[in-house]
Amino acid sequence: MAEFEPDREGPSLYAVLPGRPFFDEIVKALLRDFGDDLGVLPSIRIFVPSRRSARALKEAFVRHAPKGVILLPRITATADLSEDDFPTGDLVPGALLSEAPAAAVKRLKLAGIYDKAKLDAGDPVSWHGALMAAGQLSQTSDMLADHGITADDLEALAEAPELGEGAKHWQSILSVLTVVTKDYPRWLAGEGMVDGRVRRAQLLARLGEALARDRSRLILAAGFLGTSPPTEAFLKTVAGLDNGAVVLPALDQAMTDEAWETIEAPHPQSAYKALLEKTFDGLPRSAVRLLGLAESEGAARRELLSMALMPARSTHHWAEAFSSFRERQDAGQALEGLKVAVARTSDEEADFIALKLRSVLEEEGKSAYLVTADRLLGRRVAAKLEGWGIEIDDSGGAPLRGSFRATFLRLIARVMAEPSDAVALAGLIHHQLFGLGMKASDRRPLVAAFDRFLRGRRPREGWDGLAESLTDEWRAFPGKANREDDAVKRCEELLVKLREVFLATRRPDEAPVAQRLEVHLAIAEALAATDSEEGRERLYRFEDGEVLRPHLEQLLAHPDLLGQSSAEDYPDIFDTLLDGPSFRPPGGQHPRLSVYGVLEARLQTADLVIVGGLQEGVWPGDAAVDPFLSRSMRAGLGLPSPDAEIGRVAHDFLDFAAQPEVLLTRAERRGRSPQRASRLMLRLESFLKELDKDGTYDETAQLRAWAAGRFAHEGRATPAKPPRPNPPVDKRPDRLSVSNIGTWLRDPYAIYGDKVLGLRKFRSYDEPFGSRERGDVLHKLFEVFIQGHLEDPVDEIEEELERRLDFVLDAFDVPEEQRLLNSKFLTTGLKVFAAQERKLRERGHAAAIEERGEMALKAGGRDITLRAVADRIDLFTDGGGHIIDYKLGGQASLAEAEHFSPQLFLCAMMLREGCFDPPGAVEPEQISFLRMKFASGEKIDELFPAKVSAKKGQRISSGELLADQLATFERNFYEWLEVQYKDGTPFLSQVRPFKSGSAGDYDELARRSEWAEAQGDDD
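Residues numbered from 1 in each chain as written. Predicted model: local features only at pLDDT ≥ 70, side-chain atom pairs only at ≥ 80, totals over all residues. Heavy atoms only, no water.

For the protein, the name recorded in an unreviewed UniProt entry is Double-strand break repair protein AddB, with Parvularcula mediterranea as its organism.

Written out as structure tokens, the structure is:
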């Protein structure tokens, strides 16, 4: 009896059981029917859903057809259906259908219609907002077109009592949607086009009519789920042909008829139940014939899955069904080839999957694929496989928006809108496409200098602001203070070149997006050019460039649809315009391993199937939320529930989990968030635990051991030892600041990294205005005030400080919001300074403010220069000196200063030696920490107490106490310095941390976390 024998009395439907190789079963059936006369095969037509499934069908023929040359059946993917796929003569030239607009063009037109509709409704949106809404609106439009919903249907729904009693929000949205469904078809008609979904539905309908006259030996429609009315109608047509048949994938025949009747979305079989009931007029499931000879193979697994995924209204039969199943002799076969692994994190899950895929290659000819709804997991697995030199690409491709060349264009758009965006500007100049018409050897020094300039606080606004920022005294960057370094000149040179390119063609604030896009691309070509290649050539080459260029040309071909935008909004608009297209990154497609999305994996075959990312919200995903149609509105229009898509994903899970060899994986955490197991996995695992008390199906421990073996060495791990670098004396630093001495006392290794190795921590881009900047502002304000009144009496100190404050804030480019946030701190600082200043001027006057000085030292036969900047030096009326350090935060005491932060004592030594000019050589009589954080001037500590003690926390030292402390300090300091400049003295890491857990800039270089933990470091 022939496998394919169409039913002359009713529709001919066949099915392949879950877990069976779909196209392999079809090919084997065809070969059984026509193996004696393979010349018949070209007279067979087979329709499949997609190009990928068409390739899979051809590969199945390669696997099973006899050796030699054979002609295959005519295979057509309905996703790319065109008039060329019709039987010859069935479509005359006059009957050709109108063309459909490209997806990008449709989105632009819908955005324009939506924008106007919202404006007319008195609720205007930005053009960027309209483009964002048009993306979802396009999907809603496709669904309405598939189901034949017109503007009349929407107007009727608006008058329905149930909606009239609902939220006004939905009524407003429905009115806008009605306008869209009227205006968009009207525009299409004017352009002589038809919507893409409507065109496909018309093609399928005409194809069905043509197939009724087709005399092919056999016509098959294989692999369709029947998820849209046009497809369902096409399936009904093919199944009703005398020479036609429909083959359904993964139909569950193990479920009881009672349970089948209770199925509703989102059950895995809900799509088939609806198809049989609605499309095929209540055709019973028993009328669907099974395809394939080995029905018993995998039967236990299929029954287990059918039972685990039983419809909710039939779960009262679970206990009875499971008890009966467990007593079967073949119950144990359900676990053969089925494994589960639960990882702690998403990264560990990727390790598990990569290791399992790698193990497949150990067996000759064996194949495997990963299927996951989590694209990030797929990319992680591909990256981990690269560690073994295995290139495997994600079948879904990568979004064009995130591609190498699109990223370059997006950075340019950001800089066009805001040139002082340090992050975007740094990303642009470091991008590999950035050439600026220069040789790489000439460009790199400019880029390196400009990058250092961009770090720290954000530059001033605009191109002029960038140039002004280069001259800001407070904006320090490496090379700026060194006259022998031309860092500033390099920055200026690069800035001039950038300005020339970006300002060559300027547009007003409001301009057509098409004009901005043309200017944008001209800038991109100028920036991408090198000394030997044109920018246009570099910009549009390779895989992403070949997709990017036609997409941009398509946008520019419709300038009237691109709308208007401000310069500020353009970057977001450009990002949105890049949404949609995807490209396949460079890299080989592995002959035996693949990574698929859920849609791509349908109907694919491999020896091992790994189903990854089985967390709730991922597989299945949450029910889609349509911002234009609520659930009740969908029901009123006769549209499928959002749960229907969950049912299709659950159907895929049923098919994948029924494969002969399958690994199901999930992670307990994703990033910092705990994850719940998928509802599908929860059901299945509850049965597995009862069926296999020993948990032999759980492969977690084995895969975790494999991962440990890959990343660990044999035996117990040995932590790194604390570093003890010991450079020769002539390599030790010969220039030190007083703050360097404090660092050396606490963390010698930091001095080694900074002064010996020359490594310095880079500042971040766009650093916020913080405590350091607040301190700089107050220091500058005090400097400006004191420079103007070194010896003059001042009555209204606080008032003058307030008058000068705005000038200083402007000089430091302090944003308005930071002025408001820090107003209390600044006001308090001014009050405290004014109160302290009055007390200071009672005994003397300011002699120097922010004064720089240097002192020559000798140690270990080396000449050493010690540098300092004294916050303030006062001279008492009796001629003694007063060293003052303004403390703007934290706690400071002289006890700490003497032993760990000796800046004040070192400045006192330098003052006595005449290293500050002014005031010259002066005997230090007092040193003081002056804090700026008191609640009011009335609570300020006494600056000139009658008696000063060396008690803990003291912030002032003067008179005999200071003389004794300074003598002791000086002796200890020189002894310490000699030791540090002696061969054999190592630079140890964090010998005296400020407090437990203090992190230093060089801790990672010293690998401190390893040896400190091993030593039980509890400093």
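In this section: the overall build of the protein. When helices and strands are tallied, the protein shows 39 helices and 22 strands. Across the 1019 residues in the protein, those meeting the buried criterion constitute 51%. Counted over contacts in the protein with a minimum sequence separation of 6, partners at least 24 positions apart contribute 78%. For the protein, the accessible area works out to roughly 48,000 Å², and carbon and sulfur atoms hold 48% of it. (Helix = DSSP H or I, 4+ residues; strand = E, 2+ residues; numbered from the N terminus. Buried < 20%, exposed > 50% of the residue type's maximum accessible area, 1.4 Å probe, protein only. Contact = heavy atoms within 4.5 Å. Areas by Shrake-Rupley, 256 points an atom, 1.4 Å probe, with all protein chains shown as cover.)

Moving on, we come to the environment of alanine 156. As for its placement among the helices and strands, alanine 156 is situated in helix 5 (residues 151-158). Classification of alanine 156 as partly exposed rests on a relative accessible area of 47%. With 481 residues separating them along the chain, alanine 156 and leucine 637 place their C-alpha atoms 9.4 Å apart.

Within the largest apolar cluster, 89 residues are counted, with the highest numbers of intra-cluster contacts made by Phe408, Phe434 and Leu527. Here this core gets 9 residues from one element, more than from any other, and that element is helix 21 (residues 513-528). Setting aside its immediate chain neighbours within four residues, phenylalanine 434 contacts Phe408, Leu428, Ile429, Arg443, Val447, Leu494, Leu498 and Leu527. With 45 residues, the next largest nonpolar core counts Leu736, Leu857, Leu962 and Trp976 among its residues. (Core = buried A, V, L, I, M, F, W, Y, C linked by side-chain atoms within 4.5 Å.)

In this structure the tally under the stated criterion is 26 aromatic pairs. Of the aromatic side chains, those joined through ring pairs into one cluster are Trp744, Tyr749, Tyr752, Phe905, Phe969, Phe973, Tyr974, Trp976, Tyr981 and Phe987. Between arginine 455 and the ring centre of phenylalanine 762, over which it is positioned, the NZ or CZ distance is 4.3 Å. (Phe/Tyr/Trp six-rings, centres within 6.5 Å; stacked < 30°, edge-to-face > 60°. Lys NZ or Arg CZ within 6 Å of the ring centre and 35° of its normal.)

Looking now at the packing of helix 8 (residues 196-211) against helix 9 (residues 229-240). Each pair of packed helices gets described by two things: the angle between the helix axes and the distance between those axes. Where helix 8 meets helix 9, the closest approach of the two axes is 9 Å, and the angle between their N-to-C directions is 5 degrees. Looking at the two axes, helix 8 sits roughly parallel to helix 9. Every residue of helix 9 that contacts helix 8 at Arg200, Ala201, Leu204, Leu207, Gly208 and Leu211 is listed here: Pro230, Thr231, Phe234, Thr237 and Val238. Its residues placed into classes, the contact of helix 8 with helix 9 shows 7 nonpolar, 3 polar and 1 charged. (Axes fitted to C-alpha atoms, helices over the stretch in contact; angles between N-to-C directions. Parallel < 35°, antiparallel > 145°, perpendicular 65-115°, else oblique. Nonpolar A, V, L, I, M, F, W, Y, C, P; charged D, E, K, R; others polar.)

The final tally for this structure, using the stated rule, is 4 cavities of 30 Å³ or more. Volume-wise, the largest cavity comes out at about 110 Å³. Taken together, 15 residues form the lining of the largest cavity, with Arg20, Phe22, Leu603, Asp655 and Gln659 sitting closest to its centre. Partitioned by chemical class, the residues of the lining of the largest cavity number 10 nonpolar, 3 polar and 2 charged. Two domains each donate at least three residues to the lining of the largest cavity, and these are domain 1 (13-92 + 199-249) and domain 3 (334-399 + 586-711). (1 Å grid on protein atoms, 1.4 Å probe; cavity = no way out; pocket = protein on both sides within 12 Å on 5 of 7 lines; lining within 4 Å. Points joined across faces, edges and corners; volume = space filled by probe spheres on them. Domains from an automatic or database assignment.)

Attention now moves to a negative patch on the surface. Negative charge collects at one region of the surface, where Asp509, Glu510, Glu568 and Asp569 lie side by side. As for its placement among the helices and strands, aspartate 509 is situated in the loop between helix 20 (487-502) and strand 10 (510-512). Taking the relative accessible area as the measure of exposure, aspartate 509 reaches 52% and is therefore exposed. (Patch = residues over 30% accessible without salt bridge, like charges linked within 9 Å, V, L, I, M, F, W, Y side chains within 5 Å. Salt bridge = Lys/Arg side-chain N within 4 Å of Asp/Glu carboxyl O. Lys, Arg positive; Asp, Glu negative; His and termini not counted. Charge placed at Lys NZ, Arg CZ, Asp CG, Glu CD.)

Take the sheet that holds strand 2 (residues 44-48) next. Taken together, the 6 strands give an open sheet; going across it, the order is 3-2-4-5-1-6, and neighbouring strands pair in parallel fashion. Edge positions in the sheet fall to strand 3 (74-77) and strand 6 (289-290), since each of these pairs with one other strand and no more. Where strand 2 meets strand 4 (residues 218-222), 4 bridges bridge the pair, whose relative direction is parallel. The residue of strand 4 that forms the bridge with isoleucine 46 is leucine 220. (Pairing = 2+ DSSP bridges.)

In terms of residue burial, helix 31 (residues 748-756) counts as a mostly covered element, since 7 of its 9 residues are buried. Those residues of helix 31 that sit buried are Pro748, Tyr749, Ala750, Ile751, Tyr752, Gly753 and Asp754. Where helix 31 is buried, its residues touch helix 30 (738-746). One or two steps after helix 31, the chain reaches glycine 758, where phi turns positive at roughly 75 degrees.

Burial of the side chains of strand 13 (residues 593-596) extends over both faces: Leu593 and Val595 are buried on one face and Ser594 and Tyr596 on the other. In terms of strand pairing, strand 8 (residues 368-372) meets strand 13 through 4 bridges, oriented parallel. Paired with valine 371 across the two strands is tyrosine 596, which belongs to strand 13.

Another aspect to go through is the confidence of the model for the protein. Overall, the predicted model of the protein reaches an average pLDDT of 86, with 90% of residues at or above 70. Helix 6 (residues 161-164) is the least confidently modelled element of the protein, averaging 62 in pLDDT, while strand 17 (residues 735-737) averages 96, the highest of any element. In this model residues 935-941 is a low-confidence stretch, pLDDT under 50, and it forms 9 contacts with partners more than four residues away in sequence or in other chains. (pLDDT = per-residue confidence, 0-100.)

This structure, assessed with the given rule, holds 69 salt bridges. Between aspartate 652 and arginine 602 there is a salt bridge, with its nearest N and O atoms 2.9 Å apart. Highlighted residues: aspartate 652 in helix 27 (residues 643-657) and arginine 602 in the loop between helix 25 (598-601) and strand 14 (608-612), separated in sequence by 50 residues. Relative accessible area serves as the criterion here: at 3%, aspartate 652 is assigned to the buried category. Within this structure, Arg401, Arg410, Arg414, Asp572, Asp575 and Asp579 form a network of salt bridges that share partners.

Moving on to the environment of leucine 503. Inspection of the secondary structure assignment puts leucine 503 in the loop between helix 20 and strand 10. Through-space distance from the C-alpha of leucine 503 to that of tryptophan 463 is 9.2 Å; in sequence the pair is 40 residues apart.

Direction of pairing for strand 7 (residues 338-345) relative to strand 15 (residues 662-670): parallel, over a ladder of 7 bridges. Residue pairing for strand 15: lysine 339 is matched across the bridge by leucine 663. Direction of pairing for strand 14 relative to strand 15: parallel, over a ladder of 3 bridges. Note that in strand 15 the partner of valine 609 across the bridge is valine 662. Note that strand 15 and strand 16 (residues 673-674) share 2 bridges and pair antiparallel. By the bridge assignment, arginine 669 is partnered in strand 16 with proline 674. Turn length for the strand 15-strand 16 hairpin, with the two strands adjacent in sequence and antiparallel, is 2 residues, and the turn residue glycine 671 shows positive phi of about 65 degrees.

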